[in-house]
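Listed below, chain by chain, are the residues.
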Protein chains: 2
Amino acid sequence: MICASIICVGNELLNGQTVDSNAAYLGRQLFSLGIPVVRIVAVPDDIQRIADTLSLACSDSDVVLVTGGLGPTDDDLTRQGLARFLDCELYENEALIKQVACFFEQRRISMPQRNRIQACLPQGTEGIENTLGTAPGILARQGDAVIVVMPGVPHEMKNMFEQNIVPVLQEIPERACVVMKRLRCFGTGESMIADRLGSMMQRDRNPLINCTVHFGVITLTITARADQQARAEALVEQDVSYLRRELNTLIFGVDDQTLAQVVGQLLTEQKKTIAIAESCTGGLLAQCLTDHAGASRYFNHGLVTYSNEAKITQLSVSPECIAQYGAVSEPVAGAMARGARARAGTDYAIAITGIAGPAGGTPDKPVGLVYICIDSQEDSHTRRFQFTHNREFIRSRSAQTALNMLRLRLLGFD
Amino acid sequence: MICASIICVGNELLNGQTVDSNAAYLGRQLFSLGIPVVRIVAVPDDIQRIADTLSLACSDSDVVLVTGGLGPTDDDLTRQGLARFLDCELYENEALIKQVACFFEQRRISMPQRNRIQACLPQGTEGIENTLGTAPGILARQGDAVIVVMPGVPHEMKNMFEQNIVPVLQEIPERACVVMKRLRCFGTGESMIADRLGSMMQRDRNPLINCTVHFGVITLTITARADQQARAEALVEQDVSYLRRELNTLIFGVDDQTLAQVVGQLLTEQKKTIAIAESCTGGLLAQCLTDHAGASRYFNHGLVTYSNEAKITQLSVSPECIAQYGAVSEPVAGAMARGARARAGTDYAIAITGIAGPAGGTPDKPVGLVYICIDSQEDSHTRRFQFTHNREFIRSRSAQTALNMLRLRLLGFD
């Protein structure tokens, strides 16, 4: 089967000063072109390491994409690395020197002498025009492999890839048709999902189902490969239908949807409004809801009541209730939600009170204990949770769980 | 010279579903331990590819760090890849099975059968406890190379690395002495800083100064290498002193400090309290302040007043003021801050009102227009900003700018 390698050149990638986003972009692009990536390698600005890595990549890949190291400074060595791998010399290409000079002319700057190196190519390779910068790309062929070298600056790389490289890759025969869909789930663990899916998650299956977790949100990626687009689409749809039946309300959305987005859509559709009263999440839930444009249709009042006094004055929680049960308790969560709903005059209110830690826990009320209440005119529902890990996780999980409770309530499942 | 390779396992890294942040974190850590990274490789969930990549890495690296593929599902194959590379069998380790079982017991869940695989180790290797999840790590030695396998979940990986792996790496002789310090700046642009530093930012200089920007926060990383620790420290300190004089109040903190943390410390030291009234940032500022434990010492009231009505009822902004000047205006920002401070009875209040977009802009009041007010008994100071880019950037920049205004006020510079 046809496959690709990606090589990213630059010391800054290896010492962690830069998080490489080029590789993920190219991985996504190649995947959807039906050319799976089998290796992403970051290497330092070093001629021999670049040459060795090209050699490794060409040993098993049909397409090798390289980014970075095409600048004009002494530590830009990708051209030299490619020349060493191809066992040939660099020469100054006339067409490229005109392109680079033209880039400077348009900006009314005289071309610095050091930029001449950017017009150099290994013998037998082709230059690729860069309309957004001074570093032309390079197209080379070695045996059956296509090697493409692009600049490391993300917008220059993306522009060059989309304009000049995609057409080259589309010419490659034997590409598979690939269709991918993601289902986003909340409210259970990775193991439980794996148990329910059983043999569907086997590695050699088509479609392939992949499972990732981020702050409690589980993403199932269903990827089908086939020789025809319609066939791949049908395979994905078959799995999606099965998963929707099997996982039912655990699935809250598809692709990049967030719980906040889905809840926002439900509130908008049902023309309902919501108020929020937060203690341990300290504004995180309101922030999640307002991350998405259009939140003003359903959200207008958020109260961050971080102290007992604020709960009493802002939410009309009775001091006796706090004294008797403590600020982190079912009765206080309920009183906070009712207070917020009354003040804001909304259809729903969510209240969160808990202990995010690291300090503040007791044997009776350990760090991670959180009460969440959804209050409406019809009913009030408070649940107790014991979250774990650290402050960030407890806060994030609390906000996500509150959104999920509201989602189920709006869908009539709770 | 001693060096390291990093291997990240997971199909999601190769098809671009996940941008790998683990590699950058580990690259930074190894760099500051004096162990430069010569290769970062992302490989698919495939036993043979994992084994081959371990073989390549061990051929020239003294330290090989592996992340990912230790989960309980069928597509987690790093254990098997390591066993194939080491040419030995996996066995269920008694101590590890107790650790994994204990993790479930603490959560009052019976351990799913499939999690037993997480207690399996290749013969001759050691387990590494994971206190935050069910995937123990693995420590192996092959020739002179140390191989460490850690879970891919970032917070589990970081905790395991810092607790268990750093001490192992510190034992390695021949490490260079590397000292790194970061200065965090806010309130100017990257080009302006580059201009002020001039030749200090040259690539072949020791210390090396690197500049990165994230939502307006500029981080200057100063890294010195020397054969002795004291020499490297002195080189860094010399640069830091110069930069502190040159950049002065633009520097708000060091290393990982955030503006919210620094403001929290100042409020705590000065025994002052703060209330927050937010419109366009929708809870983001309160969330930033409460990200850090101990915020209850200075913060107790946050009000997210997303609608005019909420501004009127919750913050006592006069309807006439909103009608005359609009909700996004200097007078309304001031009234919001005064209302919040009066309601909460705090020393300071911050109010933010603006247009985060993408909709809602007009020729007079375009998207990105934001007013921020800091109010105290002594004075009230409102500033107008025109931010650019997208909703996320405008919201984040607004919250950061508000924190920086408060920082300068607390330091007596404003």
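Conventions adopted
- Residues numbered from 1 in each chain as written.
- Chains lettered and ligands numbered in written order.
- Predicted model: local features only at pLDDT ≥ 70, side-chain atom pairs only at ≥ 80, totals over all residues.
- Heavy atoms only, no water.
- Axes fitted to C-alpha atoms, helices over the stretch in contact; angles between N-to-C directions.
- Helix = DSSP H or I, 4+ residues; strand = E, 2+ residues; numbered from the N terminus.
- Parallel < 35°, antiparallel > 145°, perpendicular 65-115°, else oblique.
- Left-handed = near helix turned anticlockwise from the far one by under 90°.
- Contact = heavy atoms within 4.5 Å.
- Buried area = accessible area lost by both parts, 1.4 Å probe.
- Salt bridge = Lys/Arg side-chain N within 4 Å of Asp/Glu carboxyl O.
- Nonpolar A, V, L, I, M, F, W, Y, C, P; charged D, E, K, R; others polar.
- Pairing = 2+ DSSP bridges.
- Buried < 20%, exposed > 50% of the residue type's maximum accessible area, 1.4 Å probe, protein only.

Caption draft 1: Quick look at the packing of helix 3 (residues 47-60) of chain B against helix 4 (residues 78-86) of chain B. All names here are of chain B. Taken N-terminus to C-terminus, the directions of helix 3 and helix 4 make an angle of 55°; their axes are 8 Å apart at the nearest point. Taken together, helix 3 and helix 4 sit at an angle that is classed as oblique. As for how helix 3 packs across helix 4, the hand of that crossing is right-handed. Contact with helix 3, carried on its side by Ile 47, Gln 48, Ile 50, Ala 51, Leu 54, Ser 55 and Cys 58, involves Thr 78, Gln 80, Gly 81, Leu 82, Arg 84 and Phe 85 of helix 4 and no other residues of that element.

Caption draft 2: The interface of chain B and chain A, seen in detail. Tallying the contact residues gives 73 residues for chain B and 75 residues for chain A. In terms of surface lost to chain A, no three residues of chain B exceed B:Leu14, B:Gln17 and B:Tyr306, which account for 10% of the buried area on that side. Summed over the shared surface of chain B and chain A, the number is 5 salt bridges. Across the salt bridge formed by A:Arg395 and B:Asp291, the nearest N and O atoms sit 3.1 Å from each other. A breakdown of the residues in the side of chain B that touches chain A according to their chemical character gives 30 nonpolar, 26 polar and 17 charged.

Caption draft 3: Region of the structure containing the sheet that holds strand 16 (residues 369-376) of chain B. Spatially, the 10 strands line up as an open sheet ordered 17(A)-16(A)-15(A)-13(A)-14(A)-14(B)-13(B)-15(B)-16(B)-17(B), and their pairing is mixed. This sheet does not close on itself; its edge strands, each paired only once, are strand 17 (380-386) of chain A together with strand 17 (380-386) of chain B. Pairwise comparison of adjacent strand axes, ignoring direction, gives a mean angle of 10° for this sheet. For strand 14 (residues 299-305) of chain A and strand 14 (residues 299-305) of chain B, the ladder comprises 5 bridges, and the chain directions are antiparallel.

Caption draft 4: Just the environment of B:Ile2, in detail. All names here are of chain B. Position of Ile 2 among the secondary structure elements: in the segment before strand 1 (4-9). Sequence-wise, Ile 2 and Ser 61 are 59 residues apart; in three dimensions their C-alpha atoms are separated by 7.3 Å. Beyond its immediate sequence surroundings of up to four residues, Ile 2 is in contact with Gly 34, Pro 36, Asp 62, Ile 172, Pro 173, Glu 174 and Arg 175.

Caption draft 5: Region of the structure containing unusual backbone geometry. Residues and elements named next belong to chain B. Asn 206 connects to Pro 207 through a cis peptide bond whose omega is 0°. Tracing the sequence through the fold places Pro 207 in the loop between helix 7 (190-197) and strand 10 (208-214). At the junction of Gly 357 and Pro 358, the peptide bond is cis and its omega measures out at 5° in the coordinates. Tracing the sequence through the fold places Pro 358 in the loop between strand 15 (348-354) and strand 16. One non-glycine residue with positive phi stands out, namely Phe 215, at about 50°. Take Phe 215: it is sitting in the loop between strand 10 and strand 11 (217-226). Classification of Phe 215 by relative accessible area gives partly exposed; the value is 22%.

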